[in-house]
Amino acid sequence: MTGLSRGRFLRAAGAMALSAGAVRGGAVEAREDVAARIADAAIRAHPELEHLAIAVGVVARGGPGRLYFAGAPVAARNHAQPRALNATTPFLIGSITKVFTTRIYAMRQGSFERRLGEVLPLGLPERLAAVPVRALANYGSGFPTDNHPPIWWRGTLDVASLPALVASLRAHPDLPPCAPEAAYSYSNFAFGLLGLAALGLTDLAHPVAPEAHAAVAALGRRLGLSAATAPWTAASAELLPAGYTQTGLVPQRDDYGAPNWLVLGGGGNLVSTPADMLTWLAYNMGRTGTDEAVLVEAQSAPITFRRRLGPMRGVGACTTEPIAPIRTSLGWFHAEPSRFGVATLTKNGGVKGFSSWMGFEDWVGTGSPSPLGVVALANAPHIADRVGMRVYRSLVRR
């Protein structure tokens, strides 16, 4: 294994404080030890992933947000070139993009109490145009699950361009197959439509990519994010570390985000950095003093699902199955208190080569910001979820 040794995690001198007056004390030191130890264990557990890289951000009571790093990535385009692992290293964040999408929608369109056809007046078929925007954002769109095969839209819809997408939707007036909010489904496609609605596109010739970049940049300026947090582009591939695939024992040489189809943008195509994700975490925890009313709406009044619409091939009839209750609100998932010991909001992400996880204590209605939050990024499948949850469980109510 090359790069950072297992003993060189960013503790006292190296842990990045987001404020110059970071307090050094027993409680903060204990949190550093936990985050570093768990990241260390993840590296040790995967010696076959020679260039595994992990970034963990912690925002805890009594101290500023801090970042911890482990691993030694290489460049995606040149595996002989070490890639620095620090606060500005770019990662694909996958489906954490979805909570950015709901925030951009709120910023540009306001109320979620509208129908898709009202905010996306592109001649959508009647059934689809009538879908409530809130249902798209709450994982109750009525579209099938599409985060693992079979993916229903392949061979059914033409997603090569916005005009082609709308034309193929018009050819399928029975979409979505289920009534909105009748069943839970993890639909990237639905969040793609939400992303288009957030942009306020009014004609088929409207360029999507520039609008998406402008919308993310405007949110970034409002929250203090860097320009690195942006939709994936070909230029991004020059900066990314190499990432591991589901089967990968070696990093894969490719563009990672390149295959993303047009409407998937709102579901999972953002690139970000550990520093920006720590800022995004603190913002959603209500710790920046910005947009509290917007955050309260996004994180409260969750919808509870007791049935699920699974994946299917092509367009079929609405068929659902019972599930244990799932609670969602505008992109977030509300974990059962028994899972972490306290009420917690979470979101994770997984795209080719990368994974991400974010969780924080529910703070809405308490009169105070969230006391604890954790974000984790990794250049391998599922690693960020495991590391992030372990750090969070170790620190909650400590």
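Digging into the overall build of the protein chain
Here is step 1: Secondary structure assignment for the protein chain yields 13 helices and 12 strands.
Here is step 2: The buried share of the protein chain, taken over its 398 residues, is 57%.
Here is step 3: Considering only contacts within the protein chain whose residues lie at least 6 apart along the sequence, 72% involve residues at least 24 apart.
Here is step 4: Summing over all exposed atoms, the protein chain offers an accessible surface of approximately 15400 Å²; the carbon and sulfur share of this is 54%.

Section: the pairing of strand β11 (residues 354-361)
Here is step 1: Of all the 8 residues making up β11, 8 are buried; the element is thus mostly covered by neighbouring parts of the structure.
Here is step 2: Here β11 shows two buried faces, one formed by Phe354, Ser356, Met358 and Phe360 and the other by Ser355, Trp357, Gly359 and Glu361.
Here is step 3: As judged from the 8 bridges shared by strand β10 (residues 344-351) and β11, these two strands associate in the antiparallel manner. Residue Lys347 lies in a different strand from β11, and its bridge partner there is Met358.
Here is step 4: Here β10 folds back onto β11 in antiparallel fashion, the turn holding 2 residues, of which Gly353 has a positive phi close to 95°.
Here is step 5: Summarising the sheet, β11 and strand β12 (residues 372-378) pair through 6 bridges and their orientation is antiparallel. Paired with Ser356 across the strands is Leu377, a residue of β12.

What to know about helix α6 (residues 162-170)
Here is step 1: Along α6, the positions that sit buried rather than exposed are Leu162, Ala164, Leu165, Val166, Ser168 and Leu169.
Here is step 2: Buried positions along α6 lie against α4 (126-129), α7 (188-199) and α8 (208-223).
Here is step 3: Where α6 begins, the capping side chain belongs to Ser161, and its oxygen is found 3.2 Å from the backbone nitrogen of Ala164.

Structural notes on helix α13 (residues 383-395)
Here is step 1: Helix length check: α13 (13 residues) gives 18 Å between terminal C-alpha atoms against 18 Å at 1.5 Å per residue, within 8%.
Here is step 2: Looking one or two places after α13, you find Arg397, whose phi comes out positive at around 60°.

Examining the pattern of salt bridges
Here is step 1: Evaluated as defined, the whole model comprises 9 salt bridges.
Here is step 2: Across the pair Arg44 and Asp40 runs a salt bridge whose closest N-O atoms are separated by 3.1 Å. Note that Arg44 and Asp40 are positioned in helix α1 (residues 26-45) at a spacing of 4 residues, about one turn of the helix.
Here is step 3: The class of Arg44 is partly exposed, set by a relative accessible area of 47%.
Here is step 4: Through salt bridges that share partners, Arg103, Arg222 and Asp291 make up one connected network.

A short note on the environment of Gly388
Here is step 1: Here Gly388 shows up in helix α13.
Here is step 2: Through-space distance from the C-alpha of Gly388 to that of Met358 is 6.9 Å; in sequence the pair is 30 residues apart.
Here is step 3: Setting aside residues no more than four positions away along its own chain, Gly388 makes contact with Trp357, Val374 and Ala376.

Details of the sheet that holds strand β5 (residues 230-231)
Here is step 1: If you walk across this open sheet you meet the 3 strands as β4-β6-β5, and the pairing is antiparallel. With one partner strand each, in any of the chains shown, β4 (91-92) and β5 form the two edges of the open sheet.
Here is step 2: Pairing geometry for β4 and strand β6 (residues 270-272), over 2 bridges, is antiparallel. Across the sheet, residue Leu92 finds its bridge partner in β6, namely Val271.

Focus: the packing of helix α2 (residues 97-109) against α8
Here is step 1: Contact geometry for α2 and α8: axes closest at 10 Å, N-to-C directions at 85°. Considering the angle they form, α2 stands roughly perpendicular to α8. Residues Phe100, Arg103, Ile104, Met107 and Arg108 of α2 touch α8, and the partners they reach there are Glu211, Ala215, Val216, Ala218, Leu219 and Arg222.
Here is step 2: Of the residues that constitute the contact of α2 with α8, the class distribution is 7 nonpolar, no polar and 4 charged.

Describing the packing of aromatic side chains
Here is step 1: If you walk through the whole model with that rule in mind, you get 18 aromatic pairs.
Here is step 2: Between Tyr139 and Tyr186 the ring centres are 5.5 Å apart and the planes differ by 25°, which places this aromatic pair in the stacked class. Residue Tyr139 is found in the loop between α5 (133-137) and α6, and its partner Tyr186 is found in the loop between α6 and α7; the two are separated by 47 residues along the sequence.
Here is step 3: On the accessibility criterion, Tyr139 (2% relative accessible area) is buried.
Here is step 4: Judged by relative accessible area, Tyr186 falls into the buried class, the value being 10%.
Here is step 5: A ring pair is formed by Phe340 and Tyr392, whose centres lie 5.1 Å apart and whose planes are at 85°; its orientation type is edge-to-face. Residue Phe340 is located in helix α12 (residues 337-340), and its partner Tyr392 is located in helix α13; the two are separated by 52 residues in the primary sequence.
Here is step 6: The class of Tyr392 is buried, set by a relative accessible area of 0%.
Here is step 7: Feature note: the residues Tyr139, Tyr184, Tyr186, Phe191, Phe305 and Phe333 constitute an aromatic cluster, connected by ring pairs.
Here is step 8: It is Lys98 that lies over the ring of Phe191; its NZ or CZ is 5.5 Å from the centre.

Definitions and cut-offs
- Residues numbered from 1 in each chain as written.
- Predicted model: local features only at pLDDT ≥ 70, side-chain atom pairs only at ≥ 80, totals over all residues.
- Heavy atoms only, no water.
- Helix = DSSP H or I, 4+ residues; strand = E, 2+ residues; numbered from the N terminus.
- Buried < 20%, exposed > 50% of the residue type's maximum accessible area, 1.4 Å probe, protein only.
- Contact = heavy atoms within 4.5 Å.
- Areas by Shrake-Rupley, 256 points an atom, 1.4 Å probe, with all protein chains shown as cover.
- Pairing = 2+ DSSP bridges.
- Polar contact = N/O pair within 3.5 Å; in protein donor to acceptor, adjacent residues only side chain to side chain.
- Expected span 1.5 Å × (residues − 1).
- Salt bridge = Lys/Arg side-chain N within 4 Å of Asp/Glu carboxyl O.
- Axes fitted to C-alpha atoms, helices over the stretch in contact; angles between N-to-C directions.
- Parallel < 35°, antiparallel > 145°, perpendicular 65-115°, else oblique.
- Nonpolar A, V, L, I, M, F, W, Y, C, P; charged D, E, K, R; others polar.
- Phe/Tyr/Trp six-rings, centres within 6.5 Å; stacked < 30°, edge-to-face > 60°.
- Lys NZ or Arg CZ within 6 Å of the ring centre and 35° of its normal.

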